[in-house]
Amino acid sequence: MKLSQFNFKLPEAQVALYPHKAKRVIKTSTGQERTFEVTRRDEARLMVLHKKSETIQMYKKDANGKDMKDAEGNPVFLQFKDIVDFFDEGDTFVFNDTKVFPARLYGTKEKTDAKIEVFLLRELNAEMRLWDVLVEPARKIRIGNKLFFDDVNEMVAEVIDNTTSRGRTLRFLYDEDGNHDVFKRSLFALGEAPLPRYVIDKRENHHATEDDMEDFQCVFADKEGAVTAPATGLHFSRELMKRLEIRGIHSAFITLHCGLGNFHEIEVEDLTKHKMDSEQMIISKEACDLVNSTKLSGHHVCAIGTSVIKATETAVGTDGMLKEFDGWTNKFIFPPYDFGLADCMVANFYHPESTLMMSTAAFGGYDLVYECYKKAVKNGYMFGCFGDSLLILND
């Protein structure tokens, strides 16, 4: 397929800059009503695509299968927490349990005090304190430069290599009795949540808040290594996870450390010529056993997010069973694609011409998913990492 086939007009106001907030009204002791907002990650909107029947569902249904109406006669949109109602006991959700670390740091360059941004990608060597990073503005940062990250000059890094136009290798000159854990705690204490640029650039102060480190983290996050969150997983609250457990829906956890490659602009019209960055992934025997037994028993396997789709399609065998895996993947999924493992998936609504939108379209079918995207724009759904979601069912 061609890149231009994934273009559409997305109003700027429909790009979510913060997690979903719900309005709550309480009555005070004097009888006055007070309205306030609370973050409710599981109350964002959910659209459902039924593939076989080629129907799109946006609203909640009553006992008679009719669209529910609110007090003012308006249809009631499905919320993400309603996802439970589409699955049964014995089904399995596959989650990505990667954990985001505070990867965006701000510092100054020696002598000139020029302000710089350093985005940590991954640690290359723990003993030598070597990190692969991106720097901005890159033209000012050369090999041999020293960068300072705090007021007392305890956290200092030296540029020792150029890797790409914006990429650098840094050696942190920090010694706390050689204790690596102390070093990482000190380094991460200086960082902030690595929100995507399309969020940071549109916020008033162009910075993440203290709350973002919690909001940009899945409640089941466990294995540190991601520089961006597996966004669809952000919708799951602890309450929703408990409801899945009570319903008898299993949870399998795989790890794919999400990188920035998902946000890179595609520069070729022919999608077969686009190359994805590699991301580290791990799939355990425990996850394989649970997912495979679910398939063999005829129950549904639902992939939570495009990162899970990428990981499971990397590790699925020709027999349709999930295999153990410990390595890297640069799999790029776009239509047409024959999926081998999950029969359901849920993913956020993403930006035009993004690899994430393409992966979703490959799973649900290009025409049907594109129609869902058109409905989402028309009906005010929110897009991006904090946006609303599309559940794709094979019914």
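Just above sits the structure.
None of the values given here were measured: they were computed from a predicted structure.

### Let's talk about the pattern of salt bridges
Turning to step 1, where the next piece is worked out: Under the definition given, this model contains 20 salt bridges.
Turning to step 2, where the next piece is worked out: Notably, a salt bridge pairs E117 with R104, separated by 3.2 Å at the nearest N-O pair. With a gap of 13 residues between them, E117 in strand β8 (residues 115–125) and R104 in strand β7 (residues 104–109) connect regions that are remote in the sequence. Taken as a pair, E117 and R104 share a single burial class, namely buried.
Turning to step 3, where the next piece is worked out: The shortest N-O distance in the salt bridge between K273 and D270 comes to 3.0 Å.
Turning to step 4, where the next piece is worked out: Linked through salt bridges whose partners overlap, the residues forming this network are R104, E117, R197 and D201.

### Some words on the sheet that holds strand β19 (residues 389–393)
Turning to step 1, where the next piece is worked out: One open sheet accounts for nine strands, arranged β4-β3-β19-β18-β16-β5-β14-β15-β17; its pairing is mixed. Both edges of this open sheet fall to β4 (55–57) and β17 (325–329), since each of them pairs with a single strand only. Put simply, the sheet's adjacent strands are angled 20° from each other on average, direction ignored.
Turning to step 2, where the next piece is worked out: Direction of pairing for strand β3 (residues 46–50) relative to β19: parallel, over a ladder of five bridges. Of the residues in β19, the one forming a bridge with V48 is L391.

### Observations concerning empty space enclosed by the protein
Turning to step 1, where the next piece is worked out: Enumeration according to the criterion identifies two cavities of 30 Å³ or more in this entry.
Turning to step 2, where the next piece is worked out: Quantified by volume, the largest cavity comes out at close to 260 Å³.
Turning to step 3, where the next piece is worked out: Around the largest cavity sit 24 residues that line it, and N262, T306, S307, Y350 and L356 are the ones nearest its centre.
Turning to step 4, where the next piece is worked out: Elements represented by at least two residues in the lining of the largest cavity include exactly α6 (306–315) and α7 (355–364).
Turning to step 5, where the next piece is worked out: Residue composition of the lining of the largest cavity, by class: 13 nonpolar, eight polar and three charged.
Turning to step 6, where the next piece is worked out: Of the voids in this model, the second largest cavity is the one considered here, and its volume is about 80 Å³.
Turning to step 7, where the next piece is worked out: Forming the boundary of the second largest cavity are P19, H20, T39, R41, D215, L234, H235, C385 and F386.
Turning to step 8, where the next piece is worked out: Looking at side-chain class alone, the lining of the second largest cavity contains four nonpolar, three polar and two charged residues.

What counts, and at which threshold
The numbering scheme is per chain: residues are counted from 1 as the chain's sequence reads. It should be noted that, the model being predicted, local features are given only for residues of pLDDT at least 70 and side-chain atom pairs only at 80 or more, the latter also being counted only at that level, while totals for whole chains, interfaces and linings use all residues. Hydrogens and water molecules were not included; the side-chain quantities draw on all heavy atoms of the structure. Each salt bridge in this description consists of a side-chain nitrogen of Lys or Arg and a carboxyl oxygen of Asp or Glu lying within 4 Å of one another. By the criteria applied, helices consist of DSSP H or I runs no shorter than four residues and strands consist of E runs no shorter than two, each listed in order from the N terminus. Burial classes: relative accessible area under 20% of the type maximum marks a residue as buried, over 50% as exposed, and values in between as partly exposed (1.4 Å probe, protein chains only). In this analysis, strands are considered paired if DSSP registers two or more bridges between them. Comment: axis = line fitted to C-alpha atoms, over the contacting stretch for helices; angle = value between 0 and 180 degrees taken between N-to-C directions. Every definition here rests on a 1 Å grid over the protein atoms only: cavities are sets of points where a 1.4 Å probe fits but cannot get out, pockets are open sets enclosed by protein on both sides within 12 Å along at least five of seven lines, and lining residues have some atom within 4 Å of a point. Grid points are joined across faces, edges and corners, and a volume is the space filled by probe spheres set on the points. Gly is put with the polar residues, along with every residue not named as nonpolar or charged; the nonpolar set is Ala, Val, Leu, Ile, Met, Phe, Trp, Tyr, Cys and Pro, and the charged set is Asp, Glu, Lys and Arg.

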